[in-house]
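Residue-level structural notes
Below, each chain spelled out in residue letters.
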Amino acid sequence: MQTTDYTKNKDLKTESFGCGNLACPGCGETIAMRGVLNALDGDAVIVIPACCGSIIDGLFPFSKARVPVLHTPFATAASTAAGVLHGLRRRGNKHTTVVAWAGDGGTYDIGLQALSSTVERNEDFLYICYDNEAYMNTGIQRSSSTPLLAWTTTTPEGDLKKAPKKNIIDIMSAHRIPYSAAATVAYPDDLVAKVRRAKSTPGSKFVNILAPCPTGWKSKPSLSVKISRLAVRSNVYPLYEVFDGERLVLRDNPDPVPVGKYMELQGRFHGLSEQEVELVQRHVDHAWEQLRKRADEII
Amino acid sequence: MSSRQDKNKRQSLPEVSASTSDMSWNHTGDWSFIAPVYASRTAPCAVKCPLRVPVNDYMHLVNEGRHREAWQILAAANPLPSVTGRVCYHDCENGCNRAGFDETLNIHAIERFLGDTAIEKGWELPVPPADAAPAPVAILGSGPAGLGCAYALRLAGYPVEIFERETSPGGMLMVGVPEFRMPRKLLAAELTRLERIGVRFRCGEKVEDIKSISQQVMGVFLASGAHGSRDAGVAGADLEGVHFGLDYLKAYNGGKPHDTGGRVAVIGGGNTSIDVARASRRLGAEVDLYYRRTEAEMPAHPEELEEARAEGVRFHFQVAPEEIFADSDGNGRRVGSVRLIRMEQGEPDESGRARPVPVAGSGFEVEAATVVFAIGEQPEFDYLRGDGALNGGRLAVDAFGRTSIPGVFAGGDIVPGENSVSHALADGIAAGRNMAAMLRSFGPENLKKALDEGVPAEKINFDYFTKAPRIEPATSLKANPAGTDEASATLADAAAREEAGRCFSCGTCTDCDVCLVFCPDLAIRRSEGSYVVRTEYCKGCGICAEECPRGVISMERKDK
Amino acid sequence: MRALITGNEAVSTAVRLARVELIAAYPITPQTSISEKLSQYCSEGTLDADFVKVESEHSAMATVIGAASTGVRTFTATSSQGLALMHELLHWSSGARLPIVMANVNRALGAPWNIWGDQSDSLAQRDTGWLQFYCESCQEVLDTTLMAFAVAERVNTPVMVMLDGFILSHTAEPVQIPEPDAVDSLLGGGPSPPALVDPENPRTLHAVTSPDHFMEFKHHQFQAAAGAEKVSVEVAEEFGKIFGRNYPGTEEFMCGDAETILVASGTAAGTVRHVVRKYREQGKKVGMMRVRMFRPYPFDEVRRIVSGAKRVAVLERAISPGSEGTMAQELRSAAYSAGGGPQVYDFVAGLGGRDIVPEDIERMLELVENGADKLQRVNWLGLKE
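Residues numbered from 1 in each chain as written. Chains lettered and ligands numbered in written order. Predicted model: local features only at pLDDT ≥ 70, side-chain atom pairs only at ≥ 80, totals over all residues.

1. Some words on the overall build of chain A
Counting its secondary structure elements, chain A contains 11 helices and 10 strands. Counting only C-alpha atoms and orienting by the principal axes, one finds that chain A spans roughly 60 × 45 × 40 Å. Taking the contacts inside chain A whose residues are at least 6 apart along the sequence as the reference set, 69% of them involve residues at least 24 apart. (Helix = DSSP H or I, 4+ residues; strand = E, 2+ residues; numbered from the N terminus. Contact = placed C-beta atoms within 7 Å.)

2. Details of the sheet that holds strand β12 (residues 314-317) of chain B
All names here are of chain B. Reading across from one edge, β9-β17-β10-β11-β12 is the order of the five strands in this open sheet, with parallel pairing throughout. Each of the sheet's edge strands pairs with one partner strand only, and the pair in question is β9 (242-244) and β12. Strand-to-strand, the axes of this sheet are offset by a mean angle of 20°, without reference to chain direction. Relative to β12, strand β11 (residues 286-291) runs parallel, the two sharing four bridges. (Pairing = 2+ DSSP bridges. Axes fitted to C-alpha atoms, helices over the stretch in contact; angles between N-to-C directions.)

3. Brief notes about the packing of helix α12 (residues 245-253) of chain B against helix α13 (residues 271-282) of chain B
All names here are of chain B. Where α12 meets α13, the closest approach of the two axes is 10 Å, and the angle between their N-to-C directions is 40°. With respect to α13, the element α12 is oriented oblique. Where α12 crosses over α13, the handedness of that crossing is left-handed. Contacts from G245, L246, Y248, L249 and Y252 in α12 reach T272, S273, D275, V276 and A279 in α13. A per-class count over the contact of α12 with α13 returns six nonpolar, three polar and one charged. (Parallel < 35°, antiparallel > 145°, perpendicular 65-115°, else oblique. Left-handed = near helix turned anticlockwise from the far one by under 90°. Nonpolar A, V, L, I, M, F, W, Y, C, P; charged D, E, K, R; others polar.)

4. Focus on the confidence of the model for chain B
Residue and element names in this part refer to chain B. Looking at chain B, pLDDT values average 88 and 94% of them are 70 or higher. Considering each helix and strand of chain B separately, the mean pLDDT is smallest for helix α1 (residues 3-10), with a value of 45, and largest for helix α7 (residues 107-121), with 97. In this model, residues 1-10 is a region of pLDDT below 50 whose contacts with residues beyond four sequence positions or in other chains number six contacts. Confidence metrics for the complex model read pTM 0.82 and ipTM 0.95. (pLDDT = per-residue confidence, 0-100.)

5. Some points on the interface of chain A and chain B
With 32 residues of chain A at the interface, the matching set in chain B holds 34 residues. Elements with a contribution of two residues or more to the side of chain A that touches chain B: α1 (28-39), β2 (62-63) and α9 (224-233) of chain A.

6. A look at the nonpolar core
The biggest cluster of nonpolar side chains holds 248 residues, and the ones touching the most others in it are A:V47 and C:V263. No other element matches the 11 residues that helix α6 (residues 138-155) of chain C contributes to this core. Apart from the residues lying within four places of it in its own chain, the contact partners of A:V47 are A:L70, A:T72, A:A77, A:T80, A:A81, A:V84, A:V98, A:V99, A:A100, A:W101 and C:G66. B:A118, B:L155, B:V371 and B:A374 belong to the second-largest nonpolar core, a separate cluster that totals 129 residues. (Core = buried A, V, L, I, M, F, W, Y, C linked by C-beta atoms within 7 Å. Buried ≥ 20, exposed ≤ 12 C-beta atoms within 10 Å, placed from the backbone.)

7. A short note on the sheet that holds strand β6 (residues 131-134) of chain C
All names here are of chain C. With respect to topology, seven strands assemble into an open sheet ordered β3-β2-β4-β5-β7-β6-β13, the strand pairing being mixed. The open sheet has two edge strands with one neighbour each: β3 (50-53) and β13 (293-295). Direction aside, neighbouring strands of the sheet carry axes that sit 20° apart on average. Here strand β2 (residues 22-25) pairs with strand β4 (residues 74-78) via two bridges, running parallel. In the sheet register, L22 faces β4, and the bridge partner there is T74. Relative to β3, helix α2 (residues 32-44) is tilted by about 135°, and along the sheet it contacts β2, β3, β4 and β5 (101-106).

8. Some points on helix α8 (residues 144-155) of chain B
Residues and elements named next belong to chain B. With 12 residues, α8 should reach 16 Å at 1.5 Å per residue; the first-to-last C-alpha distance of 16 Å fits that figure. In terms of burial, α8 is largely enclosed, as 12 of its 12 residues are buried. Of the residues making up α8, those classed as buried are P144, A145, G146, L147, G148, C149, A150, Y151, A152, L153, R154 and L155. G157 sits one or two positions beyond α8 and adopts a positive phi of about 95°. (Expected span 1.5 Å × (residues − 1).)

9. Structural notes on the interface of chain C and chain A
Taken together, the contacts link 38 residues of chain C with 38 residues of chain A. Secondary-structure elements contributing two or more residues to the side of chain C that touches chain A are β2, β3, α3 (57-69), α4 (80-95) and β9 (204-205) of chain C. With nine residues, the top contributor of residues to the side of chain C that touches chain A is α3(C). Residue composition of the side of chain C that touches chain A, grouped by class: 18 nonpolar, 13 polar and seven charged.

Take a look at the structure:
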């Protein structure tokens, strides 16, 4: 992996993301937010429903953000963003990217209806799901993004999550939106390129950013980026893009590592038997094969 | 939010809950007790190198085509890169962390490339400051140890005079290393370059008694090497055609080789034995080399062994000579054959190696016109007239290179330790620096800066590098195995640059921005080409230290 | 210009005249024809607005919240279940101090399913921070909708305009259509909605607010809603000057010397007025008070009106199970707040679209005047045996 140059020559003061955020140490959301805001050159309005982001940004009267932020109720990230979009455009602003910034709970679960409707209308906005695979802000409850056999407080020992993670990219590309993509924080160049591609594409754009959560994943804060990278290297979380719901471009992973390497760094998978890890491996292998078959281009 | 703040705010609360103040008051650094600390650390190649050449400091320069700057860094630590690029056993590469990734970096090939390029371009060493003392330091011997010492002293501004008993400088490099391994014109170029910074050679001057010069100089450095031969201890060793390795090589290197008689038996397993064998091949002889231990135990460098094999030298292991017989067809004074006996591994000796033990009844005879004993050299220091404490037959020195004789230092093959060009050079440079420092009345404790173990491979984040095969120079062995052409080639410019690009730069911050990009708290910012940590915001997550590709960052207590 | 239009068309016409810039709505009977008409206006260009066709009332309100936050004039309309689905965002939008205007076509809440009119949907939203106005005629619907924008934008508080399902929404009446210039003079002169979301002036809106500050914001909101009574009266007076139609917050009909005052809201007031007129002809001292402005509740005005009466009978088109009717609670609170006051009786009628006929009102009057000893805390009119 080559390191990124997107922050080169950029003084800290010009970043749209200030110091002092309230995130836990090693939080993936903040890395993702910083990358996205830098990719958008700070020309954005962020709409945040209930999620970790509602806290991280800061309590009244403070905010780490240097772009407009509109906090909004849980289910409404997409629909509020649509309103902001129409309002801004009617007021003559044709350039600012309206970003809905939601967690997986607000995206895969409670906000899915509004998201579906908003992208079906192909509203010209960017929806970012920073995906930490559970309701972390409320204390680690399972969401439909929580992976198979993961521990959460509502899928405790003895009742680990039985359903695999919902595939949100499939759902979004089924809407035939111009652009949907999977990214993660360990690949900042890829992330920034995807966000910039999204910015320059008219219509609805969706980017899911896997954002490790040391608190909820029971992992060391220092390993957030490494775990994010292992998610890709193990094919647990392939990086790909879907254009117009049709053309799939997949980032290849010719030398995958076993899923166990990814899982062993996270307490939420501790205690799984070899057979259970093997089951996860089979799920991952199957999904990866399917993805490769569907891919129009493998890069 | 303190209550005081609250009272101030209450008066001006807006109608709408719009936040307009930033979060910079929130020193999230208070949440943690650890923070990243940047520290350039030693690359393992530099640790392995006796000269501590900061390999990773110049590799990126070679990669960028900035060869002169690269050479300057290299030459600052090693005044003879063209020499060492050829004859040093490049232990640096044994430290290379790429071994755990793909293949080690071809450091010595790049070193040699830089050395040769410098000679070709006529690059000069930095001009030393004006002479800092009225009297010189005397150095006995112009081999690598003496040259190293002279170089270090000259850089510090001290005049030096090197006494060399041979007619030209270079010591073992000149008399012991054959032309086909070390072209003399390159050696001469590096020596004259040293002369141009004021190193004075007094060739042909043999010092009979150290006391004759020690009064006139500020200090003495003994670097007379190991040129004495060991007794062969074999009957028939007084026959014509029986030689000691170093003498044999001196004659060869001096352009007056001994008559081989067409069939040479070389006894020994060190580098000298290989050089003898290869030189003999070049003299057109059939060459058999007999070594009493196994191939794995052979002190000679495996690369040279391979090259000798490729040149047609036949190797016989676990074989030792018992007696040399005269040629019955000739005048009876010339070697005709050697009786050898097979050896097997016995109990370990004091060195820990298995002692070679003859296998009874396994004797056999081979024809030979020349027998060369290359069974090791030993130092001679008659000029001390019995002064100086010894250690295992060599001069005892302390950590600073001081002998027991006041003002007399020593290094290279006459002191205990490894015998190699780079170790000798390192001894000389270290002693030279120590002498310079002491001459300036620095306390020796100021010189005690210990080198760490180097960045271990697990601190290198392989995820940030791309695999690439190690680049070797094109070999020129096929040209003329019997000729005196140099047996191996120098890397081409493009190859040198590419290979240099494989260097991890272990322990060196290259401003790659990984830490900056991944910091979730913007606690890292760029400052004057490097980074500073704003500990007041650092939550101590450690992502920067975990991700740093080169092992530069470690997490340390903030109160430190 | 005079036109024969339904209540829903009156709403759409007012929205067009108010030059609303963004509409987000979701279909629900009996509101749907408002959206249909507005879609037509947007399509034919008689209204230059973005109409965002969302997938739910929840998203409708979220979308107008987003748009209103950028400072554009917004509108939505709904009914019943849709309003209930919006509930969360009704609180949010008023807390965010956004001048959104919404028409709610009153309709019963299930179960069981029912599409016809009663007021339980909007009365259940009385604590959401929205101002509420209940209309009796199509003309009043149009005029009130126009005034709603003026009030909302002057106090930065959202306003809900109620019209009874079908009885008003689908009934055509002759309505005076205001001239656009005249409407502009009412709405154009007021302060424009503030642009809270503005890339030129980045702010973070509605972040988590600690106990140190939360109450102050709620106090601001509370004061703004309370102050809306005065502002509403001012707007109504301005409206009266421009258009010649006057709308007091609370309508008094023959209350001056009335011993019995009947209280109603919405279209039921027409039936009550008819009965009062008839009884007055018989010499009975009966009057009617129509609650038009329910939020803010005009306590002083109501007390002034009912304080001279001996008894007050409240006609509720909604229920609050386990308690008495919402209208009665509010009125009792106003009437008794200074001590004394009339006897208050509570009657439930016309739920789920059941007709309220003059006989129901006469029965109610008969009961309070001659059979009060038989009355319960809440009395149901027109209930089948």
